[in-house]
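Remarks on the overall topology
What follows is the residue order along each chain.
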Amino acid sequence: MQYQPQGESIWGVISACEEIVPGIYAVCATDQNGLEHEGIMADRDASVGYLSAEAIGLGEEAGEWLCYDEHTKDIPLYEILQHRLDDCKKREAAIVKQMEEIRQDGRLMLTEYFGEYTPPKEAPGGCVEAVFPVANGVHLIRDRDGLAFAVHEAVADNFMTMMASGYGVCRGEYLFYAVADASCAVALNELKNVFEEAAALIVSENSLYATLNRYFAGYTALYNLCVPEMERIPAADGPANLYLAIQVEAMRLSREEKQE
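Starting afresh in each chain, residues are numbered from 1 along the sequence in its written order. In view of the model being predicted, local features appear only for residues whose pLDDT reaches at least 70, and side-chain atom pairs are presented and counted only at 80 or more, with totals across whole chains, interfaces and linings using the full set of residues. Values shown for side chains rest on all heavy atoms present in the structure; no hydrogens or waters enter the calculation.

All right, on to the pattern of salt bridges then. Salt bridge, as used here: a side-chain nitrogen of Lys or Arg that lies within 4 Å of a carboxyl oxygen of Asp or Glu. With the rule as written, the count across this model stands at two salt bridges. Across the salt bridge formed by Glu61 and Arg44, the nearest N and O atoms sit 3.7 Å from each other. Highlighted residues: Glu61 in strand β5 (residues 60–62) and Arg44 in helix α1 (residues 44–47), separated in sequence by 17 residues. With a 1.4 Å probe rolled over the protein chains alone, any residue whose accessible area is under 20% of its type maximum counts as buried; one over 50% counts as exposed, and the rest are partly exposed. By relative accessible area, Arg44 is classed as partly exposed at 30%. Measuring nitrogen to oxygen at the nearest pair gives 3.9 Å for the salt bridge that ties Glu129 to Arg142. In this pair, Glu129 sits in the loop between β8 (126–127) and β9 (130–135) while Arg142 sits in strand β10 (residues 138–143), placing the two residues 13 residues apart along the sequence. A relative accessible area of 52% means that Glu129 is categorised as exposed. Accessibility expressed as a relative area gives 35% for Arg142, which makes it partly exposed. Helix numbering and strand numbering both begin at the N terminus, where a helix is a DSSP run of H or I of at least 4 residues and a strand a DSSP run of E of at least 2.

As structure tokens, this is what we get:
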């Protein structure tokens, strides 16, 4: 039976103790000089499930406890976080697989599920000048700042990661991802496997991935940690910002103007 450490420790009398995972605790102890020390105390048996043999070997033995002081406590903390991350990845993969199975079986009728959403009227650049519907709650819009991908917050909550939502600019019930600053690539990456209409907007996945790797490296790294291997964003050497037909057309027109 596990119990938390209390009383005397190798650093002095324990004044505070908080369980990190079963059998492993963050403690604060006060020595005979009144100085406070922080450390990690791990039950030897419980450590096997969370810590590597190397980490266990670096703990200072104190009866049935392994102790890590201010200089070594980051070692068990790192391995515990890694353990949690691995567990999250497994859970995330299982959830993604279940959602994909539901979509493939046709049980998720998006309009009936969400209701019909009114297109956005206000955007970061002021009034919406034109709306090009993509799917229920998903639109391409134009305002005075140019083109943007508009995603209703309910669609974002159900089908996009919190990371991706953070790149959007909120106005009313919609998140906006500008084509000009490439944030549109983040939204398209997350919705292309949900909406066939969103996938159809992409004329070059290689360019989409190149854009994400070049301008959103932090997002790309975290996204790849949370999804199954086959759904990760691959490395890509293609040109950035040429994943939409309108971008390709704009480049073609620009080249023709220069030639003239």
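Moving on, we come to unusual backbone geometry. The backbone of Ala182 sits at a positive phi, close to 75°, despite the residue not being glycine. Of note, Ala182 is situated in the loop between β13 (174–178) and α7 (184–191).

This part takes up the nonpolar core. Phe149, Leu188, Leu191 and Leu212 are the most contacted members of the largest nonpolar core, which totals 37 residues. Listing elements by their share of this core, those giving two or more residues are β9, β10, β11 (146–152), α5 (153–159), β13, α7, α9 (205–215) and α10 (217–226). Sort the elements by how many residues they give to this core and α7 lands first, with six residues. Two residues form a contact once any of their heavy atoms are found within 4.5 Å. Look past the residues within four positions of Leu191 in its chain and what remains in contact with it is Val138, Phe149, Val151, Val155, Phe159, Met160 and Ala198. For this analysis, a nonpolar core means a set of buried residues of the types Ala, Val, Leu, Ile, Met, Phe, Trp, Tyr and Cys, connected via side-chain atoms within 4.5 Å.

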